[in-house]
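These are the residues of each chain, in order.
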Amino acid sequence: MIASEKHLKREVLIMKSYLTKNNICFVPALIMQTLQTLLVIFVAVLLSLLIDAVSGSIQSGDTSPLKTILIACILYAILLGLSVFLTGRLKGRCIMNAMTALKRDVMHAVLQKDMVSYHQDSKGTYIAILNHNMSLVEENAFKNFFSIYESILSMTLAAVVLIVTNPLVALFSLVCTFVPTMIPKMFSKKLAETQKTAAEKAADYQTEVNELLDGYELIKNYSIEKELESRCLERLTQAEHSKYRQGCEMAKLQGIANTASILTQFLIMLFAGFLAAKGYITLGSIVAVTQLSGQVISPASQLTSMFGLFTSVRPVLMQITELLQEHGTCITPALSVPTKHASPILPDRTGHAASISPNRAKGNAADLAASLSDSGHDIVFQDVSFSYGQHNVLSRLNLTLEKGKKYALTGDSGSGKSTILKLLMQYYPSYDGQIFIDRTELKEYGCFFKECAYVGQNVFLFNDTIEKNICLFREKDPERLAFAVREAGLEEVISRTDGGLQALAGENGANFSGGERQRIAIARALYHQKKILLFDEATSALDSGMAEKIEMLILTLRDVTCLFISHKLSNSCVNGYDRIIRLEAGNVSG
C-alpha cells in the first residue's frame, strides 16, 4: 500500500511538473482563478446587501441606497465576467503548453526506444498512448487539477465568509460537508481497475483497426470482409463495454455524492430556517447563508467526482511515466571496450590471430562514426548461435564479410538468412558467440544499426516529396543528393515524373512502382553515406526484369558493402558477387 502511494505521488509530481515547469501561464492562471473564485463567493454578500436594501427601501421609502447597490451589482457582474474570460484564456494556454511538452517528450521517448523494446508493444498501444491516453491525461489530470484547485479554494473561502456572516451556521455546514468528502475513497480502487481495463481494450481495438487497414488488399483478395469485420466488432464491443463499465462506476459515485450533497444542503437550510424563525438572522442573511453553504457543499460534492476521475487515470499516468523514465535506449552512439578484460582475439584476413588494441575503442564517438562511414567495416561472425525460443536458427555460424564487397545470401526458408541481417541491425542482443565490427564486439559497439541501411520487400516512404524521402527532412546537400540520385539510377524516374524531385510519393509511396521505391531507398542510403546495405528479399515482389535491374544496380555501387538475401538470384548477376553464401540449418554450407 505504501509503495503504491509512493508510485502515485511520483506520477502526480511528474504530471504536475508539466503544468508548472517552464510554463509562464501557470502562476497567472492560478492568480486569476483565485480572483474569479473570490468574486463568485462575494456575490453572496452582494445578494444579502441587495435584499436588505430592498427591504429597507420598502420600509423607509428612500431608494438611494438601493440605486447605489444596483450600480455596484452591475459593475461587479461585468468584473466577474471579465475575470471568467481571462481565467479561461490563461488556463487554456497553460494546458496547451503542458500538453505540447508532454506529447513532445512521449514522442521523443518512443523514438529513442531500441528495436527490441519497441516491438514488445503493438502499434495500437503506441497510438493509444499518443492519442486516447493523452486525451485522458488532459481531461482527467491537467484540467481536473484546476477544477480541484477551484473547488478547494471555493470551499475554503466560502467557509471563511460564512464564519464571518454567521459562525454557528458555518460550524454546522462544515460538520455536514465532511461526509461527502469521504465518498471518493469508497470507489478509488474500482475506478482505477475499470480505467486500466478501458485503456487496454482501447489499445486492442486500435491494433485491430491498424491490421484491418494495413491488410486491406489481402482482405479484399481473399474476400474475408465478414471475418475481419466480426473480429473488429468483437474488439470494439469489448472496448465500448469497458468504457461503459467505467462510466457506470462514475455514475454510481456521482449519484451517491449528489444524494449526500442535497441532503446536506437540506439540513443546513433547515438549521438556518430555525435560526431565522427565532430572529437570530435577517432575510438577507438567510440568502447569504443559502448561497455560501451551496458554495461549500457543491464543490465538496464535485470534489468526489474529480478525485474519482484523477484516480481513474492513474494506470494511464503510470504507463506514461514509465515510458518517460525508461532507460537503456540507444540515444547516443558509444564505443567502449571494458578495461577489466583482456583484449579479444580475432582472426585477421590471413587467418592469423590478431589482438585488438584497447586504444582503438577510445576517442570521440562522433569522430569515430564519421571515420567508419568513410572507411566501411569488416564484419566477422565467430561461433554465433541464436534461437527463437526453443527453435535454433543459427548454430555456431562463422562468416567473414569484408568491407566494400558484395555478398549474396541464399538458402531455404528458416535457414537463418534474415536473422543474420536482424542481428546486424541489433534487433536481438542475446546471441551466443561473437560478432566483430572492425574488431570491436557488436554488443560493445553501440548503435551499429545507424551505420547500416536495411531495405526489405516493402520500402516505407513518407507522404512527401522524393527529395524529402531521400534527405529525410534534413538540410539538403545538393552534391550528395545529385550523387545519390545518379548512383541509384533515379535520374530516369525523376526526368519522367511531373515535379521531379518535388513530386509527392503519396501515402507509403503509392505514386511509385515497387522498383522505383527500391531505387529511392537505395538513394536514401547513399545520401546518408551508409557503407553497409542489407537487402532482405528486396526484389522478390518485382518482375524479373525490374529485379535484375535492381540487382545489377546493387552490384555496381562503389565502396559499399552489400548483403543481398534472395531465394533466386538473376543468372546475369551471379558472377558479379564477390561471394555467394548458402545457409543450411543455421550455418554456411560447404
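Residues numbered from 1 in each chain as written. Predicted model: local features only at pLDDT ≥ 70, side-chain atom pairs only at ≥ 80, totals over all residues. Heavy atoms only, no water.

Describing the sheet that holds strand β10 (residues 561-565)
- Read from one edge to the other, the open sheet built from six strands follows the order β8-β9-β10-β5-β11-β12, with strand pairing classed as mixed. Each end of this open sheet is capped by a strand with a single partner; those strands are β8 (452-455) and β12 (587-588).
- Pairing analysis gives two bridges linking strand β11 (residues 579-584) to β12, with the strands arranged antiparallel. In the sheet register, leucine 583 faces β12, and the bridge partner there is valine 588.
- Across the sheet, helix α16 (residues 417-424) touches β5 (406-411), β8, β9 (532-536), β10 and β11, and the angle it forms with β10 is around 145°. (Pairing = 2+ DSSP bridges. Helix = DSSP H or I, 4+ residues; strand = E, 2+ residues; numbered from the N terminus. Contact = heavy atoms within 4.5 Å. Axes fitted to C-alpha atoms, helices over the stretch in contact; angles between N-to-C directions.)

Concerning the packing of helix α3 (residues 43-60) against helix α4 (residues 64-111)
- At a minimum axis separation of 9 Å, α3 and α4 run at an interaxial angle of 160°. In terms of their interaxial angle, α3 and α4 are classed as roughly antiparallel. Here α3 and α4 pass one another in a crossing that is left-handed. Contact residues: Val43, Leu46, Leu49, Leu50, Ala53, Val54 and Ser57 in α3; Leu66, Ile69, Leu70, Cys73, Tyr76 and Leu80 in α4. (Parallel < 35°, antiparallel > 145°, perpendicular 65-115°, else oblique. Left-handed = near helix turned anticlockwise from the far one by under 90°.)

Regarding the pairing of β5
- β5 sits mainly inside the fold: six of its six residues count as buried.
- Burial of the side chains of β5 extends over both faces: Lys406, Ala408 and Thr410 are buried on one face and Tyr407, Leu409 and Gly411 on the other.
- Pairing geometry for β5 and β10, over four bridges, is parallel. Bridge pairing links lysine 406 to cysteine 562 in β10.
- Across five bridges, β5 lies against β11 in parallel orientation. What sits directly across from alanine 408, in β11, is isoleucine 580. (Buried < 20%, exposed > 50% of the residue type's maximum accessible area, 1.4 Å probe, protein only.)

Points about the nonpolar core
- Within the largest apolar cluster, 39 residues are counted, with the highest numbers of intra-cluster contacts made by Ile470, Leu490, Ile522, Leu533 and Phe535.
- For this core, the secondary-structure elements that each account for two or more residues are β8, α18 (466-471), α19 (478-487), α20 (491-495), α21 (514-527), β9, α22 (544-556) and β10.
- Take this core: its biggest share by element is seven residues, from α21.
- Those residues in contact with phenylalanine 535, other than ones at most four positions away along the chain, are Leu421, Val455, Ile522, Ile554, Cys562, Leu563, Phe564 and Ile565.
- Formed by 32 residues, the second largest nonpolar core is a distinct cluster that contains Cys94, Val106, Ala141 and Phe310. (Core = buried A, V, L, I, M, F, W, Y, C linked by side-chain atoms within 4.5 Å.)

A look at the sheet that holds strand β6 (residues 432-437)
- Strand order in the open sheet made by the four strands is β4-β3-β6-β7, with antiparallel pairing throughout. The strands lining the two open edges of the sheet, one partner per strand, are β4 (391-401) and β7 (440-441).
- Strands in contact with α16 are β3 (379-388), β4 and β6; relative to β3, the strand with the most contacts, it is inclined by about 110°.

Thoughts on the packing of α21 against α22
- It is the contact of α21 with α22, at a shortest axis distance of 10 Å, that shows an interaxial angle of 10°. By the criterion of interaxial angle, the relationship of α21 to α22 is roughly parallel. Across the interface between the two elements, Gly515, Gln518, Arg519 and Ile522 from α21 touch Met546, Lys549, Ile550, Leu553 and Ile554 from α22.
- Its residues placed into classes, the contact of α21 with α22 shows five nonpolar, two polar and two charged. (Nonpolar A, V, L, I, M, F, W, Y, C, P; charged D, E, K, R; others polar.)

Some details on the pattern of salt bridges
- Applying the stated criterion across every chain yields a total of eight salt bridges.
- Two residues, arginine 582 and aspartate 412, come together in a salt bridge whose shortest N-O distance is 3.5 Å. In this pair, arginine 582 sits in strand β11 while aspartate 412 sits in the loop between β5 and α16, placing the two residues 170 residues apart along the sequence.
- Its salt-bridge partner being glutamate 584, residue arginine 582 comes within 3.5 Å of it at the nearest N-O pair.
- Through salt bridges that share partners, Asp412, Arg582 and Glu584 make up one connected network. (Salt bridge = Lys/Arg side-chain N within 4 Å of Asp/Glu carboxyl O.)

Quick word on the confidence of the model for the protein
- Looking at the protein, the pLDDT average stands at 76 and 81% of residues meet or exceed 70.
- The low-confidence segment residues 1-5 (pLDDT under 50) makes one contact with residues lying over four places distant or belonging to another chain.
- Across residues 327-373 the pLDDT falls below 50, and counting only partners more than four positions away or on other chains, this stretch makes 66 contacts in the model. (pLDDT = per-residue confidence, 0-100.)

What to know about a nonpolar patch on the surface
- Among the surface-exposed residues, Ile71, Ile74, Leu75 and Ile78 lie close enough to one another that they form a single nonpolar patch of about 420 Å² accessible area.
- Relative to the helices and strands, leucine 75 resides in helix α4.
- Assessed through its relative accessible area of 54%, leucine 75 is described here as exposed. (Patch = residues over 30% accessible without salt bridge, like charges linked within 9 Å, V, L, I, M, F, W, Y side chains within 5 Å. Areas by Shrake-Rupley, 256 points an atom, 1.4 Å probe, with all protein chains shown as cover.)

Looking at the environment of leucine 157
- Along the polypeptide, leucine 157 turns up in helix α7 (residues 132-165).
- Remark: the alpha-carbon pair of leucine 157 and isoleucine 41, spanning 116 residues in sequence, is separated by 7.1 Å.
- In contact with leucine 157, other than residues within four places in its own chain, are Thr37, Leu38 and Ile41.

Description of the packing of aromatic side chains
- Applying the stated criterion to the full structure yields 12 aromatic pairs.
- On the basis of an interplanar angle of 35° and a centroid distance of 6.0 Å, the ring pair of phenylalanine 26 and phenylalanine 145 is categorised as tilted. You can see phenylalanine 26 sitting in helix α2 (residues 26-41) and its partner phenylalanine 145 sitting in helix α7, a full 119 residues away along the chain.
- Using a relative accessible area of 9% as the deciding quantity, one classes phenylalanine 26 as buried.
- The interplanar angle of 90° and the centroid separation of 5.1 Å between the aromatic rings of phenylalanine 386 and tyrosine 388 together place this pair among those described as edge-to-face.
- When its relative accessible area of 35% is taken as the criterion, tyrosine 388 is described as partly exposed.
- Members of the aromatic cluster, joined through ring pairs, are Phe386, Tyr388, Tyr427 and Tyr428.
- The ring of tyrosine 431 has lysine 443 sitting right over it, with the charged end atom 4.3 Å from the ring centre. (Phe/Tyr/Trp six-rings, centres within 6.5 Å; stacked < 30°, edge-to-face > 60°. Lys NZ or Arg CZ within 6 Å of the ring centre and 35° of its normal.)

Some details on unusual backbone geometry
- Not every positive phi belongs to a glycine, and aspartate 383 is a case in point at roughly 55°.
- Its place among the elements puts aspartate 383 in strand β3.
- A relative accessible area of 30% places aspartate 383 in the partly exposed class.
- One non-glycine residue, leucine 472, adopts positive backbone phi at about 55°.
- Inspection of the secondary structure assignment puts leucine 472 in the loop between α18 and α19.
- Taking the relative accessible area as the measure of exposure, leucine 472 reaches 30% and is therefore partly exposed.

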